Amino acid sequence: MVAGVIGAGAVAGCLGSLLGLGGGVFLVPFLNAGLGLDFKVAAATGLMTVIATSSVVSAGRAGRNLINLRLGMLLEVATTVGGLIAAFTVAYLSNHTLALIFAVVTVAIAILMLTRLDRRNVLDASLEPGPLGGRFHDEDTGREVVYQVRRLPLGMVASFLAGYVSGTLGIGGGILKVPVLNAWCGVPMRAAAATSALMIGVTAAASAPQYFMRGEVNPPVAAAAVIGVLMGSQLGFHVGSRAPVKWLKLLMAVVLLAVSAFYFVKAFA
Amino acid sequence: MNGRADEDAIDRLERQVGRLLRAGVWLASACLAAGLALWMIAGGSAATMLLTAGLLVLMFTPLARVVASFVAYVKLRDWFFAGMTVLVFVVLVAAWLLKS
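## A few points about the overall build of chain B
Across its full length, chain B carries three helices and zero strands. Counting from the amino terminus, chain B carries its helices and strands in the arrangement α-α-α. Its C-alpha atoms give chain B a radius of gyration of 18 Å, clearly above 13 Å, the size a compact globule of 100 residues would have. Viewed in the frame of its principal axes, chain B has a C-alpha envelope of about 60 × 35 × 15 Å. Taken across its 100 residues, chain B has 38% of its residues classed as buried. For chain B, the proportion of contacts with a sequence separation of at least 24, taken over those separated by at least 6, is 46%.

This is the structure:
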């Protein structure tokens, strides 16, 4: 059991840190459907691993200007409120309803990612990024990258929803935020993933205490999952800065479709 | 809000935040690993205590990050973003104090 959770955590952590999602999105279905744990226990475990992944990935990315601290802090206001509300309302939502909403949302995002595989939100390096934008050195192309943030209110709404989904399903909200920040708000994929990785920790920290105080955290399972995810995310982090952006997007879309299919089956079975 | 000095300060903040997060996760995972090993071998209250301590450290690490960011923004006299960190802090504290 412990070895299984550590192994699943390692796989989830590797994929999660590659995509800035946190490991929860892969781990929660495994714990719930694979090991037969109660959905809320699985979600609580997911939240713990999300905090761990977030901290490790952000620490590793620090100092390379990939993380947009200002944009992150602004969106965190929305995302933590979403996470907090979720932790209180999760008791009143049926698993069937949640699974269905989640399946629909993930399918929509996967399609969005697939239609934008070749788009890069990169401006001329001489342009000013503005108060919320940023610039960083892209290891993939070896060039200085500049971007401006557009449609901030949309980013706030997406972050609130991401926080809510994160708090109810125990996944990192990155699954919603990264595509929206990338496709609609003008943030390059790498910066969107790094900023999201920072935000999901605080988001999960807004939901986790309620699960913890309700006794829905199973300490040994959570510990095994966190240790596995930490090992996996180290691996993913080292691979991540070298993987081409297009393949990252494609991998993300495939993962989203798989998760979506799982929740559709769960909703109708 | 622009200029080289502020950009350097933000860069420093980013590195400090990185160190803080790394320290929190190391401490948490050390507790969790020791607790898990103990739980598998012997079980008992010492194991439970270590596991609980690890989970608590883990959950408080993002909160510590928010406090560190607040201090940095106050030093930068960036009142708007200092205010944003206070909002996030209030929500995170509410997560512990409110009862469901």
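## Some words on the confidence of the model for chain A
When the pLDDT values of chain A are averaged, the result is 82; 88% of them are 70 or greater. Within chain A, the lowest mean pLDDT, 77, falls on strand S1 (residues 134-138) of chain A, and the highest, 91, falls on helix H4 (residues 69-89) of chain A.

## Considerations on unusual backbone geometry
With a phi close to 50 degrees, Arg-151 of chain A is a non-glycine residue in the positive phi region. By the secondary structure assignment, Arg-151 of chain A is in the loop between strand S2 (143-147) and helix H6 (152-169). For Arg-151 of chain A, a count of 14 C-beta atoms within 10 Å corresponds to the partly exposed category. Despite not being glycine, Arg-77 of chain B shows a phi value in the positive range, around 55 degrees. Checked against the element boundaries, Arg-77 of chain B lands in the loop between helix H2 (45-75) and helix H3 (79-97).

## A closer look at H2 of chain B
Residue and element names in this part refer to chain B. The terminal C-alpha atoms of H2 lie 44 Å apart, and with 31 residues this matches the ideal 45 Å at 1.5 Å per residue to within 8%. Thr-61 marks where H2 bends most, by close to 30 degrees; the proline Pro-62 follows one to four residues later. Immediately beyond the C-terminal end of H2, within one or two residues, lies Arg-77, with a positive phi of roughly 55 degrees.

## As for the environment of Leu-35 of chain A
Mapped onto the fold, Leu-35 of chain A is located in the loop between helix H2 (24-34) and helix H3 (39-61). It is 16 Å that separates the C-alpha atoms of Leu-35 of chain A and Gly-170 of chain A, two residues lying 135 residues apart in sequence.

## A look at the nonpolar core
Ranked by internal contacts, the top residues of the largest apolar core, which has 126 residues, are Met-48, Ile-51, Ala-208 and Val-226 of chain A. In terms of residues, this core owes the most to one element, helix H8 (residues 189-213) of chain A, which gives 16 residues. Once residues within four sequence positions are removed from consideration, Ala-208 of chain A is found in contact with Ala-44, Leu-47, Met-48 and Ile-51 of chain A together with Met-59 of chain B.

## Points about the interface of chain A and chain B
In this assembly, 41 residues from chain A lie in contact with 42 residues from chain B. Put simply, the parts of the chain that give the side of chain A that touches chain B at least two residues each are H3, H4, H8 and helix H9 (219-240) of chain A. Among the elements that make up the side of chain A that touches chain B, the one with the highest residue count is H4 of chain A (11 residues).

## Overview of H2 of chain A
Counting along an α-helix, one turn takes 3.6 residues, and residues three or four places apart therefore face a common direction. Residues and elements named next belong to chain A. Most of H2 sits out of view: nine of its 11 residues are buried. Along H2, the positions that sit buried rather than exposed are Gly-24, Val-25, Phe-26, Leu-27, Val-28, Pro-29, Phe-30, Leu-31 and Asn-32. At the exit of H2 stands Gly-36, carrying a positive phi of roughly 75 degrees.

## Things to note about the confidence of the model for chain B
Residues and elements named next belong to chain B. Per-residue confidence for chain B gives a mean pLDDT of 88; residues scoring 70 or more make up 92%. Mean pLDDT across the secondary structure elements of chain B bottoms out at helix H1 (residues 4-41), with 85, and peaks at H3, with 94. This complex was scored by the predictor with a pTM of 0.86 and an ipTM of 0.90.

## Observations concerning the packing of H6 of chain A against helix H7 (residues 174-183) of chain A
The angle between the axes and the distance between the axes are what describe a pair of packed helices. Residues and elements named next belong to chain A. Packing of H6 against H7 leaves a shortest axis separation of 8 Å and a crossing angle of 165 degrees. In terms of axis orientation, H6 runs roughly antiparallel to H7. Judged by the twist between their axes, the crossing of H6 over H7 is right-handed. Between H6, through Leu-154, Gly-155, Ala-158, Ser-159, Leu-161, Ala-162 and Val-165, and H7, the contact on the second element is made entirely by Leu-176, Lys-177, Val-180 and Leu-181. In terms of residue class, the contact of H6 with H7 is built from eight nonpolar, two polar and one charged.

Calculation criteria
Residues numbered from 1 in each chain as written. Chains lettered and ligands numbered in written order. Predicted model: local features only at pLDDT ≥ 70, side-chain atom pairs only at ≥ 80, totals over all residues. Helix = DSSP H or I, 4+ residues; strand = E, 2+ residues; numbered from the N terminus. Rg over C-alpha atoms; globule rule 2.2 N^0.38 Å. Buried ≥ 20, exposed ≤ 12 C-beta atoms within 10 Å, placed from the backbone. Contact = placed C-beta atoms within 7 Å. pLDDT = per-residue confidence, 0-100. Expected span 1.5 Å × (residues − 1). Bend = angle between axes of the 7 residues up to and from the residue. Core = buried A, V, L, I, M, F, W, Y, C linked by C-beta atoms within 7 Å. Axes fitted to C-alpha atoms, helices over the stretch in contact; angles between N-to-C directions. Parallel < 35°, antiparallel > 145°, perpendicular 65-115°, else oblique. Left-handed = near helix turned anticlockwise from the far one by under 90°. Nonpolar A, V, L, I, M, F, W, Y, C, P; charged D, E, K, R; others polar.

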